[in-house]
Amino acid sequence: MRVGVITFPGTLDDVDAARAVTYAGGEAVSLWHADADLKGVDAVIVPGGFSYGDYLRCGAIARFAPVMQEVVTAAKGGMPVLGICNGFQILCEAHLLPGALTRNDKLHFVCRDQWLKVENTSTAWTTRYDDGAEILVPLKSGEGGYQADQATLDELEGEGRVVFRYVGDNPNGSRNNIAGITSANGRVVGLMPHPEHAIDALTGPTDDGLGMFFSLIDSAVKA
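Criteria and cut-off values
Residues numbered from 1 in each chain as written. Predicted model: local features only at pLDDT ≥ 70, side-chain atom pairs only at ≥ 80, totals over all residues. Heavy atoms only, no water. Helix = DSSP H or I, 4+ residues; strand = E, 2+ residues; numbered from the N terminus. Rg over C-alpha atoms; globule rule 2.2 N^0.38 Å. Contact = heavy atoms within 4.5 Å. Areas by Shrake-Rupley, 256 points an atom, 1.4 Å probe, with all protein chains shown as cover. Lys, Arg positive; Asp, Glu negative; His and termini not counted. Charge placed at Lys NZ, Arg CZ, Asp CG, Glu CD. Buried < 20%, exposed > 50% of the residue type's maximum accessible area, 1.4 Å probe, protein only. Core = buried A, V, L, I, M, F, W, Y, C linked by side-chain atoms within 4.5 Å. Pairing = 2+ DSSP bridges. Axes fitted to C-alpha atoms, helices over the stretch in contact; angles between N-to-C directions. Disulfide = S-S within 2.5 Å. Salt bridge = Lys/Arg side-chain N within 4 Å of Asp/Glu carboxyl O.

A.B. asks: Report on the overall build of the protein chain, specifying residues and quantitative values.
C.D. replies: Along the protein chain, the regular secondary structure elements total 5 helices and 11 strands. Since a compact globule built from 223 residues should have a radius of gyration of about 17 Å, the 15 Å found for the protein chain is in line with a globular shape. Taking the principal axes of the C-alpha coordinates as reference, the protein chain spans close to 40 × 40 × 35 Å. Here the analysis covers contacts within the protein chain between residues at least 6 apart in sequence; of these, 73% occur between residues at least 24 apart. Element-wise, carbon and sulfur atoms account for 51% of the exposed surface of the protein chain, whose accessible area totals about 9,100 Å². Charged side chains of the protein chain number 17 positive and 28 negative; the gap between the two group centres comes to 3 Å.

Next comes the structure, spelled out in structure tokens:
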């Protein structure tokens, strides 16, 4: 399976995301923000960092990049897309996912290993997990508070579209302790914590994040 990993000016975690894809048995393909070309990939990861320096608003400029126009079209056609941290912000700005990410409620950058509860195991990125499983992955963000109006929250909760929820104290003020959500068809997932930094217990707190990338490879095999 060929998985595209986008690089924007200010992206930090593209190499880590590509490494995670390789660990899971896929082929990582580099995608450049200024190229309107997905190079025939089967899925796309929008990685973390500070795209365009987070000027204006996190993800607000990146959503207009030529490559993102192709991602939006492909996602609407059913291609699996994963947005991590800044990638989650970009997917919300591009309206592939509802809501927005705002400044952490305590106004501090949060960098710590964070427990998450897996709430939805039917997406293209989470089938390897058990319902209710708790996983430990790094969280590192200054604008990670997930916000949405009550109607949107009710829709996400009612349709089972909350994918990950923070366990323990809420690290950033996210409503309903939401750490990650999915599109209605389960193909697009965004989360604030970093599964790509938890793929090997030697270098991360655990290898719990690897399940997301194995899930994607599994979806290709089943297809």
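A.B. asks: Any chance you could break down helix 2 (residues 66-76) for me, citing the residues and the numbers?
C.D. replies: All buried positions along helix 2 are accounted for by V67, M68, V71, V72, A74 and A75. On its buried face, helix 2 sits against strand 1 (2-7), strand 2 (27-32), strand 3 (43-46), strand 4 (81-84), helix 3 (86-93) and strand 11 (188-191).

A.B. asks: Which residues make up the environment of G145, and what are the values?
C.D. replies: Examined against the element boundaries, G145 turns out to sit in strand 8 (residues 145-147). Here G145 falls in the buried class, since its relative accessible area comes to 0%. Sequence-wise, G145 and R161 are 16 residues apart; in three dimensions their C-alpha atoms are separated by 17 Å. Setting aside residues no more than four positions away along its own chain, G145 makes contact with A100, L101, T102, N104, N172 and S174.

A.B. asks: Break down the nonpolar core for me, citing the residues and quoting the values.
C.D. replies: Within the largest apolar cluster, 68 residues are counted, with the highest numbers of intra-cluster contacts made by V44, I45 and M68. With 6 residues, the top contributor of residues to this core is helix 2. For M68, the contacting residues outside a window of four places in its chain are I6, F8, V46, A62, R63, I90, L91 and A94.

A.B. asks: Let's hear about the sheet that holds strand 3: which residues, and what values?
C.D. replies: Spatially, 2-1-3-4-11-10-9-6-7 is the arrangement adopted by the 9 strands of the open sheet, whose pairing is mixed. Each having just a single partner strand, strand 2 and strand 7 (134-141) make up the two edges of the open sheet. Adjacent strand axes in the sheet meet at a mean angle of 25° when their direction is disregarded. In the packing of helix 4 (residues 150-158) onto the sheet, the strands contacted are strand 9 (162-166) and strand 10 (178-182), and the crossing angle to strand 10 comes to about 75°.

A.B. asks: Break down the state of the cysteines for me, with residues and values.
C.D. replies: According to the stated counting rule, one finds 0 disulfides in the structure shown. The thiol of C85 is unpaired, and the distance to the nearest cysteine sulfur, on C58, comes to 8.4 Å. Looking at C111, it has no disulfide partner, and the nearest cysteine sulfur is the one in C85, 10 Å off.

A.B. asks: Hey, could you go over the pattern of salt bridges for me, with residue numbers and the actual values?
C.D. replies: Here the structure, examined in full by the defined rule, presents 9 salt bridges. Residue D13 pairs with K140 through a salt bridge whose shortest N-O separation is 3.0 Å. Highlighted residues: D13 in the loop between strand 1 and helix 1 (14-23) and K140 in strand 7, separated in sequence by 127 residues. Judged by relative accessible area, which is 3%, D13 ranks as buried. Assessed through its relative accessible area of 24%, K140 is described here as partly exposed.

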